[in-house]
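Examination of the molecular architecture
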Amino acid sequence: MERLLYSLRMRASRGGYHQSGAEKVVTADEVASVAAALMARAMNSSGPQPDAVHCSLECLEPASIRHAVLPDIATFLVSDWRAGRSLASRLLVRAGVSDRAVRRGMGLLAGGAGPDGSVMRGAVVMHAQSGERLEGDASRGIRVSRMDLDSEARPAIEALLTVAGLGHHRVIEALVLAAKVLNAPGIVAELCWSDDPDYVIGYVADPYYGYQRINGLKEQGDPLGGRVFFVNSDRVLDPLLEYLERQPVLFTALGRINPAKDWCDADE
Ligand code: AMP
């Protein structure tokens, strides 16, 4: 008999503002332990404790599940967050995002893309040429869900990432999220840095060069961050939403892991 899989989601907030979240795909046997681990993560994350944590579970239709491969990984080492943002801008432009859209996307993450400069629960969707914001609800944004490592492939993938110094759940979850985004209709590139004040690493992802980590995209202590998905048309929003929020995708293999390399403005 086919083994059933469940989408398990966690979202923590305080005073109505997003604090942390997670998206997993688990077997029935894993539900209790993974839900407990996500609850513990929500309660123990840096900053004030949440006043609400929601966990939800939903069985996935087996025939709807797709399988895919993770993107290649590159790591750039920069001297500080300004150099990091300058590099991120270059990588976005190389992927096909206009200067104007890059400036707008960066500005939104730097100033808080939600209402009144708050952190959004999900991502901004932005036209890669005009820089127009397309996601509708600027508080929720678009939440990528129903994706994870395939459970049979997980041990080997995690072992290889750990050897490369990339085994932390934060890195793996961001890689999986970016991988799903890169397979989405109309995607040109993604920009991300965390809203966790202690986590300054971020990334640019694009379908050709893959997942490109940058070791500093914001100042230590900065509580703002988020994600911007740059798309090539405003007509792509409905299929994009359907795919990113509803389509289950499991990743069965790693791409290439490139060694970390120093980057300074004089490079390229
Ligand atoms: P994190 O990488 O978990 O620190 O998240 C950084 C920001 O990315 C959050 O503040 C959200 O704005 C956004 N984000 C987090 N998870 C998702 C998701 N599943 N889908 C879309 N955006 C997300």
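Structural data are supplied above this passage.
All of the points below concern the structure found in this document. Since the structure is predicted, the reported quantities are computational estimates derived from the model, not experimental observations.

Right, let's get into helix H1 (residues 31-44). Along its 14 residues, H1 runs 20 Å from first to last C-alpha, staying within 8% of the 20 Å computed at 1.5 Å per residue. Within the sequence span of H1, burial applies to Val-31, Val-34, Ala-35, Leu-38 and Ala-42. Buried positions in H1, seen along its axis, are confined to an arc of 100° and lie on one side of it. In this structure, H1 carries Ala-32 and Asn-44 as exposed residues pointing more than 90 degrees from its buried face.

Here we come to the site of the ligand. In the neighbourhood of the ligand, 14 residues make up the surrounding shell, with Met-120, Gly-122, Val-144, Ser-194 and Asp-195 lying closest. Contact between the ligand and Gly-122: an oxygen atom at 2.9 Å from a main-chain N or O atom of the residue. In the environment of the ligand, a nitrogen atom lies 3.4 Å from a nitrogen or oxygen atom belonging to the backbone of Ala-123. In isolation the ligand offers 480 Å² of accessible surface; the protein chains occlude 86% of this area. Partitioned by chemical class, the residues of the shell around the ligand number six nonpolar, three polar and five charged.

The next thing to look at is the sheet that holds strand E7 (residues 147-149). If you trace the three strands from one edge of the open sheet to the other, you get E4-E12-E7, paired in parallel fashion. On the outer flanks of this sheet lie strand E4 (66-69) and E7, each paired with one strand and no other. Each strand axis lies, on average, 30° off the axis of its neighbour in the sheet, ignoring direction. In the sheet, E7 pairs with strand E12 (residues 249-253) via three bridges, with the strands oriented parallel.

Moving on: the pattern of salt bridges. Counting across every chain of the model gives 12 salt bridges. Lys-24 is paired through a salt bridge with Glu-173; the nearest N and O atoms lie 2.9 Å apart. Of this pair, Lys-24 sits in strand E2 (residues 17-27) while Glu-173 sits in helix H5 (residues 169-182); the two residues are 149 residues apart in sequence, bridging distant segments of the chain. For the pair Lys-24 and Glu-173, a shared accessibility class is recorded, and that class is buried. Residue Arg-170 is joined to Asp-196 by a salt bridge in which the shortest nitrogen-to-oxygen separation is 2.7 Å.

Scoring rules and cut-offs
Residues numbered from 1 in each chain as written. Predicted model: local features only at pLDDT ≥ 70, side-chain atom pairs only at ≥ 80, totals over all residues. Heavy atoms only, no water. Helix = DSSP H or I, 4+ residues; strand = E, 2+ residues; numbered from the N terminus. Expected span 1.5 Å × (residues − 1). Buried < 20%, exposed > 50% of the residue type's maximum accessible area, 1.4 Å probe, protein only. Arc of directions from axis to C-beta. Near = heavy atom within 4 Å. Polar contact = N/O pair within 3.5 Å; in protein donor to acceptor, adjacent residues only side chain to side chain. Areas by Shrake-Rupley, 256 points an atom, 1.4 Å probe, with all protein chains shown as cover. Nonpolar A, V, L, I, M, F, W, Y, C, P; charged D, E, K, R; others polar. Pairing = 2+ DSSP bridges. Axes fitted to C-alpha atoms, helices over the stretch in contact; angles between N-to-C directions. Salt bridge = Lys/Arg side-chain N within 4 Å of Asp/Glu carboxyl O.

Limitation: the analysis is restricted to geometry and does not speak to function.
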